[in-house]
Amino acid sequence: MYRDLGFIRVWGSQVDGPGRNEGTGGAAYGYLIYPHKPIVAYLAQTHRLLNEYCVTFPDETRPYGSTRLPDSDDVLAKWMALTGDERRLIATANMHLPGRQIDPVQVKRDLWRLTQWERARLRAGGGEQSSTQADVAP
């Protein structure tokens, strides 16, 4: 997903959702993780943007130069934090309304691209599965 789209999606696991003041009412929600940008929370069915969560994972191993992680490492660090302890990451992140740092039009376009990418993978996977089943059938 990251290689093809430049971001990854992580499904949320909290029943009430990520919002501090407004929950999702139990609806499925997800996060888009971009390199060196806030994590964007959204509702899966409507693609309504919920919040932006600013978190940083500096590279403190370098004695000089940039403390910024490489792009893929930054995405991986955010993914690990979200999947490891979503509630803690969201509670400690700086929360902003959608559009503060990432253009909502870009996020909507990325959600559309993600949908198209998933459909293409399902079609490709379904075709491979059908041919495999046909090879096994008597």
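Predicted model, so just to flag it, every value in this text is computed and none were measured.

Visitor: Describe the side chain of H96, naming the residues involved and giving the relevant values.
Guide: The residue H96 is located in strand 5 (residues 94-96) in this model. The exposure class of H96 is buried, given its relative accessible area of 18%. At 2.6 Å, the side chain of H96 forms a polar contact with the side chain of R100. Ignoring anything within four residues of it in the chain, the contact list for H96 reads N51, E52, C54 and Q101.

Visitor: How would you summarise the packing of aromatic side chains if you had to cite specific residues and measurements?
Guide: This structure, assessed with the given rule, holds three aromatic pairs. Ring centres of F7 and Y34 lie 5.4 Å apart, and the angle between their planes is 45 degrees; this geometry places the pair in the tilted category. Note that F7 is positioned in the loop between helix 1 (2-5) and strand 1 (8-11) and Y34 in the loop between strand 2 (29-33) and strand 3 (39-43), a separation of 27 residues in sequence. You'll find F7 and Y34 in the same group, each marked buried. Plain terms: the ring middles of Y29 and Y31 are 5.7 Å apart, the flat faces sit at 85 degrees to each other, and that makes the pair edge-to-face. Take Y29 and Y31: they sit in the same class, and that class is buried. Each residue in the set Y29, Y31 and Y53 is aromatic and connected to the rest through ring pairs, giving one cluster. Above the face of the Y34 ring, K37 is positioned so that its terminal group lies 5.9 Å from the ring centre.

Visitor: So what's going on with the sheet that holds strand 3? Residues and values would help.
Guide: The five strands lie next to each other as 1-2-3-4-5, forming an open sheet whose pairing is antiparallel. Of all strands in the sheet, those with a lone pairing partner are strand 1 and strand 5, marking the two edges. Each strand axis lies, on average, 25 degrees off the axis of its neighbour in the sheet, ignoring direction. Direction of pairing for strand 3 relative to strand 4 (residues 49-54): antiparallel, over a ladder of four bridges. Residue pairing across strands places Y42 opposite L49, the latter belonging to strand 4. Across the sheet, helix 2 (residues 71-92) touches strand 1, strand 2, strand 3, strand 4 and strand 5, and the angle it forms with strand 2 is around 135 degrees.

Visitor: Talk me through the pattern of salt bridges; I want residue IDs and the actual numbers.
Guide: For the coordinates displayed, the defined rule picks out four salt bridges. In this structure, D4 and R3 form a salt bridge, with 3.5 Å as the shortest nitrogen-oxygen distance. Judged by relative accessible area, D4 falls into the partly exposed class, the value being 41%. Given the relative accessible area of 75%, R3 is considered exposed.

Visitor: Can you tell me about the confidence of the model for the chain, naming the residues and giving the values?
Guide: Across the chain, the average pLDDT comes to 83, with 78% of residues at or above 70. Per-element confidence in the chain is highest for helix 1, whose mean pLDDT is 95, and lowest for helix 3 (residues 104-136), whose mean pLDDT is 76. In this model, residues 128-138 is a region of pLDDT below 50 whose contacts with residues beyond four sequence positions or in other chains number zero contacts.

Reading the values: rules and limits
- Residues numbered from 1 in each chain as written.
- Predicted model: local features only at pLDDT ≥ 70, side-chain atom pairs only at ≥ 80, totals over all residues.
- Heavy atoms only, no water.
- Helix = DSSP H or I, 4+ residues; strand = E, 2+ residues; numbered from the N terminus.
- Buried < 20%, exposed > 50% of the residue type's maximum accessible area, 1.4 Å probe, protein only.
- Polar contact = N/O pair within 3.5 Å; in protein donor to acceptor, adjacent residues only side chain to side chain.
- Contact = heavy atoms within 4.5 Å.
- Phe/Tyr/Trp six-rings, centres within 6.5 Å; stacked < 30°, edge-to-face > 60°.
- Lys NZ or Arg CZ within 6 Å of the ring centre and 35° of its normal.
- Pairing = 2+ DSSP bridges.
- Axes fitted to C-alpha atoms, helices over the stretch in contact; angles between N-to-C directions.
- Salt bridge = Lys/Arg side-chain N within 4 Å of Asp/Glu carboxyl O.
- pLDDT = per-residue confidence, 0-100.

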